[in-house]
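These are the residues of each chain, in order.
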Amino acid sequence: MDWRSGRLPLAGLRVVDWCVYWAGPYLGMMLHDLGAEVIKVESPSSWDPVRTVIDVNRYAGEGARPLTPRERSNVNQHFNEWNRGKLSFAVELLEPRGRELFLQLVAKSHIVIENHRPGAKEKLRIGYEECAAVRPDLIYLSLSGFGQTLPERDAMALGAPVELASGLFSLNGYLGDETPAKTGFSYGDPVGALAALSALLLAVRGWRRTGAGRYLDIAMRDTLSFGAGAAFADWSMNGIERPRRGNRHAVYAPQGVYRAHGDDEWVAISVRDDRDWQALGRALGEPDWHRDAELASAAGRRRRHDEIDARLEAWTSQRGARDIEALLQEAGVPAAAVLDFRQLWHDPQLNARGAFQEVEHPAFGAEVRATSQWARGHLPQPIDAPAPCFGQHNRRVLSEVLGLGPDEIAALEREGIVADEIRAGAD
Amino acid sequence: MATSRPPGAKRVMNDSLADLLVVELSCSAAAAFAGRLCADAGARVVLVEPPAGHPLRHEGPFLRDEPNLETSAAHLHINAGKRSVTLDVEADAETLAGLLQRADVFLTDLPAPVLDPLGLSWRALRGSTPALVMTRVTPFGDTGPYRRYAATNLACLALGGQLKITGDPDRPPLSNFGAQAEYQAGLSAFAGTVANVLLRDATGDGEYLDLSVLDVVATNLEHRSPALNLGLVANRAGLSVSATYGVYPCAGGWVHLTAFSPPLWERLKEMTQVSALEDERFATQAARLERNDELQAMLTEWTISKTSDELRALALRGYPLTVAETPERLLRCEQWRDRAFAREVEHPAAGRVTVLGPPWLEEQPAPGRPAPLLGEANGEYLAPLVETRG
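Residues numbered from 1 in each chain as written. Chains lettered and ligands numbered in written order. Predicted model: local features only at pLDDT ≥ 70, side-chain atom pairs only at ≥ 80, totals over all residues.

Engineer: Run through the overall build of chain B, naming residues and quoting values.
Structural biologist: Regarding its fold elements, chain B presents 16 helices and 12 strands. Taking the principal axes of its C-alpha atoms as reference, chain B extends roughly 85 × 50 × 45 Å. Of all 390 residues assigned to chain B, the portion counted as buried reaches 54%. (Helix = DSSP H or I, 4+ residues; strand = E, 2+ residues; numbered from the N terminus. Buried ≥ 20, exposed ≤ 12 C-beta atoms within 10 Å, placed from the backbone.)

Engineer: So what about the nonpolar core? Which residues, and what values?
Structural biologist: Residues Leu27, Leu200, Leu216, Val267 and Ala268 of chain A together with Cys38 and Ala158 of chain B are the most contacted members of the largest nonpolar core, which totals 251 residues. Excluding residues within four positions of it along the chain, Leu216 of chain A makes contact with Ile139, Tyr140, Leu141, Ser142, Ala199, Leu200 and Ala203 of chain A together with Arg11, Val12 and Trp360 of chain B. (Core = buried A, V, L, I, M, F, W, Y, C linked by C-beta atoms within 7 Å. Contact = placed C-beta atoms within 7 Å.)

Engineer: Could you give me a rundown of the environment of Glu307 of chain A, with the residues and numbers involved?
Structural biologist: All names here are of chain A. In this fold, Glu307 is placed in helix H14 (residues 305-316). Residue classification places Glu307 among the partly exposed residues on the basis of 14 C-beta atoms within 10 Å. Sequence spacing of Glu307 and Leu87 is 220 residues, and the spatial spacing of their C-alpha atoms is 57 Å.

Engineer: I'd love a proper account of the domain arrangement of chain A, names of residues and values included.
Structural biologist: What the domain assignment lists for chain A is domain 1 (14-226 + 353-414) and domain 2 (255-259 + 266-337). With centres defined by C-alpha atoms, the gap from domain 1 of chain A to domain 2 of chain A works out at 44 Å. (Domains from an automatic or database assignment.)

Engineer: Any details on the sheet that holds strand E1 (residues 14-18) of chain A? Residues and values, ideally.
Structural biologist: All names here are of chain A. Read across the open sheet, the six strands follow the order E3-E2-E1-E4-E5-E6; overall the sheet is parallel. The two strands at the open ends of the sheet, each matched to only one other strand, are strand E3 (87-90) and strand E6 (214-219). On average, each strand axis in the sheet is inclined to that of its neighbour by 20 degrees, with strand direction left out of account. Pairing between E1 and strand E4 (residues 111-114): four bridges, direction parallel. Bridged to Val15 within E4 is Ile111. (Pairing = 2+ DSSP bridges. Axes fitted to C-alpha atoms, helices over the stretch in contact; angles between N-to-C directions.)

Engineer: I'd like a rundown of the domain arrangement of chain B, residues and numbers included.
Structural biologist: Here chain B is partitioned into domain 1 (21-221 + 349-389) and domain 2 (240-330). Taking only C-alpha atoms, the centre of domain 1 of chain B and the centre of domain 2 of chain B are 41 Å apart.

Engineer: Which residues make up helix H18 (residues 394-401) of chain A, and what values go with them?
Structural biologist: All names here are of chain A. Every buried residue of H18 is listed here: Asn394, Val397 and Leu398. Summarising the axial view, the buried residues of H18 lie within an arc of 95 degrees, below the 170-degree limit, and thus occupy one face. As for H18, its buried residues are in contact with strand E2 (37-42), E3, helix H4 (96-107) and helix H19 (406-414). Downstream of H18 by one or two residues, Gly403 has phi in the positive range, about 70 degrees. (Arc of directions from axis to C-beta.)

Engineer: Outline H4 of chain A, listing residues and values.
Structural biologist: Residues and elements named next belong to chain A. Compared with an ideal rise of 1.5 Å per residue, which puts 12 residues at 16 Å, H4 spans 16 Å between its outermost C-alpha atoms and is within 8% of the ideal. When we look at burial in H4, the residues that qualify are Gly98, Leu101, Phe102, Leu105 and Val106. Looking straight down H4, one finds that the buried residues subtend no more than 145 degrees of arc, so they occupy a single side. Along H4, the residues that are exposed and aim more than 90 degrees away from the buried face are Pro96 and Glu100. The secondary structure elements touched by the buried residues of H4 are E1, E2, E4, helix H6 (128-134) and H18. (Expected span 1.5 Å × (residues − 1).)

Engineer: Account for the packing of helix H9 (residues 188-210) of chain A against helix H10 (residues 220-227) of chain A, with residues named and values stated.
Structural biologist: Residues and elements named next belong to chain A. The N-to-C vectors of H9 and H10 enclose an angle of 95 degrees; their axes lie 8 Å apart at closest approach. Here H9 is positioned roughly perpendicular relative to H10, judged by the angle of their axes. Within the contact between the two elements, H9 uses Gly188, Val191, Gly192 and Ala195 and H10 uses Met220, Thr223, Leu224 and Gly227. Of the residues belonging to the contact of H9 with H10, the class tally is four nonpolar, four polar and no charged. (Parallel < 35°, antiparallel > 145°, perpendicular 65-115°, else oblique. Nonpolar A, V, L, I, M, F, W, Y, C, P; charged D, E, K, R; others polar.)

Engineer: Describe the sheet that holds strand E3 (residues 83-86) of chain B, listing the residues and the values that go with them.
Structural biologist: All names here are of chain B. Pairing within the open sheet is parallel, and its six strands lie in the order E3-E2-E1-E4-E5-E6. Edge positions in the open sheet fall to E3 and strand E6 (207-212), since each of these has one partner strand only. Between one strand axis and the next, the sheet turns through 20 degrees on average, direction left out of account. Against the sheet, helix H7 (residues 180-203) contacts strand E4 (105-108), strand E5 (133-138) and E6, and its axis sits at roughly 165 degrees relative to E6.

Engineer: Kindly report on the packing of helix H1 (residues 23-33) of chain A against H9 of chain A, identifying the contributing residues and their values.
Structural biologist: Residue and element names in this part refer to chain A. Across the interface, H1 lies against H9 with an axial gap of 8 Å and an inter-helix angle of 45 degrees. On the basis of their axis angle, the class for H1 and H9 is oblique. With respect to the hand of their crossing, H1 and H9 are arranged in right-handed fashion. Every residue of H9 that contacts H1 at Ala23, Tyr26, Leu27 and Met30 is listed here: Asp189, Pro190, Gly192, Ala193, Ala196 and Leu197. Split by residue class, the contact of H1 with H9 holds eight nonpolar, one polar and one charged. (Left-handed = near helix turned anticlockwise from the far one by under 90°.)

Dropping the structure here:
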């Protein structure tokens, strides 16, 4: 793949991205990163709720003046993160003429992705059957909590709660705790998006070879359970519920997250084997407790893990997390500062790999965006465009893709079939 | 059996990569997950293991908790469907190079400083096998100041920002279960590999992907953008972000309520039938946040009066809640039977074991395939190479 020369696997493909929140839009953005033209479709009466529901709309450029709905819908920092590089086409899907335009766009596209609940697709009549009727070789992907199959088809699960439905929540937790734990963000979304992307790329390969369309059904729940599949294999063999393991590891001992000097500062340390253990001892200046013969073996360290944790934390809590990381890494021991999000921006590794770039957004101003995860290192990806404002590319889509003339487009605008502003109050 | 599959709709084919030979040389779960997905998509995947076995084979739990290279649960899941050959690569790189001559995809997590001196650099391989697609997934990638850092799954979660926000606010950051940093990277490595296979289909030329686990973890972050652009830094929130978005105890389990928007709040009221929620004091989202603790107490009173089964029945009707499940219960659920997601396989050493996946619905679910016995394909894949060399 080469972003500069445009040697990209999905070049020449057009995607209709009728998605909301995180998982679906993230999938659309990754398709853009792989070379597809991605058209984000929303309605003036029903836009991607991330634009307005999630209240992180503080406007960087202005003072205390309240934002108009239009301003508010174009500056959301979740929306702008997961929709960069797309074209925005805002068409009223509740109107017959709007639905017709949607299907005309589908007919000129190769892929449709959506993550609406089954009822929404039925109501608007733009599900797989209706779309395949206008484009028989279409690849149509539905991404949902539980899949498009009964009995759980209509159950609701966004990327955070779906972790409970997947079994992962029950497996998470602090050492020995009765209470499970949830990953600290909507973990089902990125995992579901990556699995959906995988299935879609397989379908594109099939389409290029045989011309066959596909209907792809991805359940975020299944994608999370798959990542914890060892626990399911274990249950099927042994039928035992295991105690929660916290930050400990089946083989590495000790492994933990230890308090470092400062407020809410932590360092993660793993001792993978006896060699790491000896190296750790040297880095710590060979303290007496480390010389204990029983601790020379992993079995001994596992037996006395609590005691080692206390000794280690007495040492780590006197030092900065980054200093500990550098000292132990110098000795070859896996140690890593526990970074917060702001620290990522300054992290030398992520920066050396070109993980972030600034982009100028027409409504927000300068924004930091993540680049494509497949374009790091030798090939930093030039970010071509920020996320679109609502309806920003209506005219371009109507004229260049659908072949409408200026008079027809003006009429659609007049009648509110297309719009470049959300219908305030519809929220 | 109830399905709602549109008539005539075709799904993912499990022979999408059937024409490919994938050679996987790995010591971590990231590359191994990518290899597993290649096998799910129909590729022949040859897992090159050290004579002592892939590290996943050494990781418990095992069948009956008895350490055994063939019965580790992680190995049985992540290496399912692959062929195994054993090779001391550092002593005999020539045999691996021979195997790679026939390969379409080379999947590895060994860093350049290990492979390059063995003549297995991308440049060298490309010289002899111009159509090879090579994916290297390492903790930090080929470039940058941490490229020689020692790393584990936990270290990648820590440096990538996912660890700091998981767990209770008054306790240390908490890793989630399993090797989740490596799982995310495995998915990304698989997608990137198939993307490069698509390019190769078009051009006939090989491609190289340098993927970093850290890059994937730091990219898959929900609140990074508000933090970097607005200074809003998320902290560990434990089980509950707010009364209308969090985990509650119920009779015999846990349930997540999701009512952060006005329409969802209406659905929540309809579901609970708790009249006090109609009170003016909770009429707006701002008011609900202001009276968060009071609202949480009222909702807890409702959730603990319900059993998990009663709540599941409400979830099936589309109400905004999600019930916590265990592996035990999921392995019996109708949804997975219908989707053929949990497949029982017969393994020569482990007996009957359930293997999940693939994580997409297939056109015609293939029977599950077990993980290989150590070195079981040596005769098929390595012996001819050794014989040719004489």
